[in-house]
Structure formats: C-alpha cells, structure tokens
Amino acid sequence: MTEKRRSQLITDGDERAPNRAMLRAVGFGDADFGKPIVGVANAYSNLTPCNLGLNTLAERGEAALRAAGAMPQVFGTITVSDAISMGTEGMKYSLVSREVIADSIETVCNAQAMDGVLAIGGCDKNMPGALIAIARLDIPAVFVYGGRSSPATTRAATSRS
C-alpha cells in the first residue's frame, strides 16, 4: 500500500503537528505518517456468541494491514442481540441499531480522514450496519464475516477472554 489519499489532511504540514502528536501517543513513528491510515471497525463484544471471535480476526487484520504497509487503527462499534432482546422492549432497538452501527463507522472514518476501512462483523445487525457504512463511504473497504458461532467456538473465545 503506497497510495495516501485522505489521511494527509491530518498528518502533513506544520499546522498538523498537534494531530501528529496525538497519533504518536498511539504508536505512530516518523515513517508511519507517510503510510495510508486504515480503520479496523471491530464489532467484538461478549454480549452475544456471534461476536466472540471477532477480536481475534481484528488482531489478524491489523497485523496484515501493517505487513502491507498501512497504519491500522482499531475502533469498536455497538451490537444488539435480537435473540436476547426478543419479546422485550429492547427489540425496539434492534432494527435501528443497524443505522447506529453504520453511522459510527462512517463517523470515525470521516472524522479521522481514514484512507480505507476493514469492517469485521458477525451478527445480523452489525453485518448490514457495516455494509451500509461501506456503501456510504468513498474509500477502499473490505468486510470480513466472523463466521458461524457454535458451542465450541463460544467456549474457545470465552476461555481466551
């Protein structure tokens, strides 16, 4: 990855010294300011089994982006479990949560002038939410599905937490 598009707005020039100072605090070095900044939208949570394995995928995605010459920045987004909220007032939030997820990903990517995004999801609301964000953003993007959740997957992910 050598093309740098949007992130130069927050990394280049004397007037962006305060921006670079903040990025240094999260691990950027001198050479990193010339690399594309790619967000990793991680829907990991232990709220529902379909999201338990997502953090492992986000860590692998972060490593792959680094190896490809990008500067990954990981951020989280919300999730709602239909199966848990079913039959309660909480179900009123299920469908609207897709927009909240999309808005959160779009907000971070645009506010931080990211050059691309890797979105990782595993439930029936954070997957379409991430795809809605990708459709609205005009940056390179990849979505990774976290895979099905099974009792074995849930136990393995829980034991790592």
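Here, the structure is the one placed above.
Residues numbered from 1 in each chain as written. Predicted model: local features only at pLDDT ≥ 70, side-chain atom pairs only at ≥ 80, totals over all residues. Heavy atoms only, no water.

Caption draft 1: Here's a closer look at the overall build of the chain. Regarding its fold elements, the chain presents seven helices and four strands. When the 161 residues of the chain are sorted by exposure, 40% land in the buried category. Across the chain, the fraction of contacts at a sequence separation of at least 24, relative to all contacts at a separation of at least 6, is 72%. A total of about 8500 Å² of accessible surface is found on the chain, and carbon and sulfur atoms cover 58% of it. (Helix = DSSP H or I, 4+ residues; strand = E, 2+ residues; numbered from the N terminus. Buried < 20%, exposed > 50% of the residue type's maximum accessible area, 1.4 Å probe, protein only. Contact = heavy atoms within 4.5 Å. Areas by Shrake-Rupley, 256 points an atom, 1.4 Å probe, with all protein chains shown as cover.)

Caption draft 2: Spotlight on the sheet that holds strand E4 (residues 141-145). With respect to topology, four strands assemble into an open sheet ordered E2-E1-E3-E4, the strand pairing being parallel. Among the strands making up the open sheet, the edge pair consists of strand E2 (71-76) and E4. Strand-to-strand, the axes of this sheet are offset by a mean angle of 20 degrees, without reference to chain direction. As defined by bridge partners, strand E3 (residues 116-121) adjoins E4 across five bridges and the pair is classed as parallel. (Pairing = 2+ DSSP bridges. Axes fitted to C-alpha atoms, helices over the stretch in contact; angles between N-to-C directions.)

Caption draft 3: Seen up close, the environment of Gly-116. Turning to its location among the elements, Gly-116 is positioned in strand E3. For Gly-116, a relative accessible area of 5% gives the class buried. Residues Gly-116 and Arg-5 lie 111 residues apart in sequence; the distance between their C-alpha atoms is 9.3 Å. Setting aside chain neighbours within four positions, we find Gly-116 in contact with Ile-37, Val-38, Gly-39, Ile-139 and Pro-140.

Caption draft 4: Structural detail: the environment of Ser-81. Tracing the backbone shows Ser-81 in the loop between E2 and helix H4 (82-85). According to the relative accessible area criterion, Ser-81 is buried, its value standing at 8%. Sequence-wise, Ser-81 and Tyr-93 are 12 residues apart; in three dimensions their C-alpha atoms are separated by 9.7 Å. A polar atom in the side chain of Ser-81 sits 3.2 Å from the backbone nitrogen of Ile-84. (Polar contact = N/O pair within 3.5 Å; in protein donor to acceptor, adjacent residues only side chain to side chain.)

Caption draft 5: Fine view of the state of the cysteines. Per the counting criterion, the structure on display carries one disulfide. Here Cys-50 engages in a disulfide with Cys-123; their sulfurs sit 1.6 Å apart. Disulfide Cys-50-Cys-123: torsion about the S-S bond near 45 degrees, hence right-handed. Of this pair, Cys-50 sits in the loop between strand E1 (37-42) and helix H3 (54-67) while Cys-123 sits in the loop between E3 and helix H6 (126-136), and the two are 73 residues apart along the sequence. With relative accessibility at 5%, the residue Cys-123 sits in the buried group. (Disulfide = S-S within 2.5 Å.)

Caption draft 6: Unusual backbone geometry, seen in detail. Phi at Ala-113 is positive, roughly 50 degrees, even though this residue is not glycine. Looking at the element boundaries, Ala-113 is found in the loop between helix H5 (94-111) and E3. Relative accessible area serves as the criterion here: at 8%, Ala-113 is assigned to the buried category.

Caption draft 7: Representation of the nonpolar core. Grouped together as the largest cluster of nonpolar side chains are 21 residues, with contacts concentrated most on Ile-105, Cys-109 and Val-117. Of all the secondary structure elements, the ones that give two or more residues to this core are E1, E2, H5, E3 and H6. Tallying contributions element by element places H5 first for this core, with four residues. Dropping the residues within four chain positions of it, Cys-109 is found in contact with Arg-6, Phe-75, Met-114, Val-117, Leu-137 and Ile-139. (Core = buried A, V, L, I, M, F, W, Y, C linked by side-chain atoms within 4.5 Å.)

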